[in-house]
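Chain and residue survey
Listed here are the chains, written in short residue letters.
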Amino acid sequence: MKKKFAVVGYGGMGGWHVNHALKSDVLELAGIFDIDEAKRELAKSRGIYAYSSLDELIADESVEIVTVAIPNDVHLETVVRLLRGGKNVVCEKPVAMCSADLEEMIKASKESGKLFTVHQNRRWDVDYLAMQQIKDSGEIGKPIRIESRIHGSRGIPSDWRCHAQYGGGMMLDWGVHIIDQLLLIYKDEKIDTINCVTTNITTDEVDDGFYLTITFESGAVAFCEVGTYNFIALPRFYMKAEKGSALIRDWREKTRVAKCKYWHENDVLPVQTAAGLTKTMAPRDSVTLDEYEIDIPKSDVHDFYRNLVRAVDGKEPQIVTHDQVRLVLKVMEQAFESAKLGQTVKFKY
């Protein structure tokens, strides 16, 4: 039987959740609530019930699950009210403005006995899944360095995301996704240091991009970059591993893999370049290198809600855990600290 579901916030992501719920095999949409009357009227015009207040939504005992899709600065109070009102709650990312707020949400979840999780939907991105697949297969050995980039050229969005008081900026908007992905790829590693540089090309109020390096105790490195002033985008993912390399230019392309079969060649012929000869940069041939492509993985982002419903029923653990969310938030907090200080910081969990 489908579970009754409601959404708080009928903006871009709120509408996304509503549309998925309307086609869901595990959810039945009860309605939405938004503080903006125009958005409530818009929902009604589409045949969707609009609660007149958050209290009315909470009072609807048929609703078991509520997703919160509102600006970051009001996540805390809304999530806690819903949990204490007896609802299982999904919060859009980033879950909170600081770790202390997250701990209040987790506390409310434990005290109410209701499930609380975060919508890390980018875990179903096919480019990330392909990179994780390569790492987990061991085909090219342990990763030495993984680079993850999101590049755009239109600057930071001009809505609430460009204002610090609402929790705007690219670290909280996109960083939360690619940090989560990289930490899952490196799930067996412990973080040693954080180094971050933020950019302010199009606005001075919040970061419109950043360069973040996470170094693990083993020496492995995760590098992530978000840019909103890049008119030529660099590849989405690049992995340098013990036995080869992997490249994903963007989510629409297959993964290119180069696996080193033999390190040395008996006779490496120098290569003529524009200004001279080089042996160091001479290309490899098929004797020492295997080059191939990996198909784009299959993915269904609605598996998030399928897991959620089974977790509510106690049939399986929730896929996005409190510890995972806590770790990502701490990395972002210490990235901001590193950027402010202009130096590498020792990671504190």
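Everything that follows concerns the structure shown earlier in this document.
This write-up is about the structure you can find in this document. A quick note: this is a predicted structure, and the numbers were derived from the prediction, not measured.

A tally of helices and strands in the protein yields 9 helices and 16 strands. Taken over C-alpha atoms, the radius of gyration comes to 23 Å for the protein, in line with the 20 Å a tight globule of 349 residues would show. Across the 349 residues that make up the protein, the buried fraction comes to 51%. Restricting the contact set of the protein to residue pairs at least 6 apart, pairs at least 24 apart contribute 68%. Within the structure as shown, the protein displays about 17500 Å² of accessible surface, and the carbon and sulfur contribution to it stands at 50%. A distance of 3 Å separates the average location of the 45 positive side-chain charges in the protein from that of its 52 negative side-chain charges.

Moving on, we get to the sheet that holds strand β5 (residues 116–119). If you walk across this open sheet you meet the 5 strands as β2-β1-β3-β4-β5, and the pairing is parallel. In this open sheet, the two strands that pair with only one neighbour each are β2 (27–33) and β5. Strand-to-strand twist of the sheet, defined as the mean angle between neighbouring strand axes without regard to direction, takes the value 25 degrees. For strand β3 (residues 63–68) and strand β4 (residues 88–92), the ladder comprises 4 bridges, and the chain directions are parallel. Residue pairing in the sheet places valine 66 in a bridge with valine 89 of β4. Each of β1 (3–8), β2, β3, β4 and β5 is contacted by helix α8 (residues 303–312), which is oriented at about 135 degrees to β3, the strand it contacts most.

Cut-offs used in this document
Residues numbered from 1 in each chain as written. Predicted model: local features only at pLDDT ≥ 70, side-chain atom pairs only at ≥ 80, totals over all residues. Heavy atoms only, no water. Helix = DSSP H or I, 4+ residues; strand = E, 2+ residues; numbered from the N terminus. Rg over C-alpha atoms; globule rule 2.2 N^0.38 Å. Buried < 20%, exposed > 50% of the residue type's maximum accessible area, 1.4 Å probe, protein only. Contact = heavy atoms within 4.5 Å. Areas by Shrake-Rupley, 256 points an atom, 1.4 Å probe, with all protein chains shown as cover. Lys, Arg positive; Asp, Glu negative; His and termini not counted. Charge placed at Lys NZ, Arg CZ, Asp CG, Glu CD. Pairing = 2+ DSSP bridges. Axes fitted to C-alpha atoms, helices over the stretch in contact; angles between N-to-C directions.

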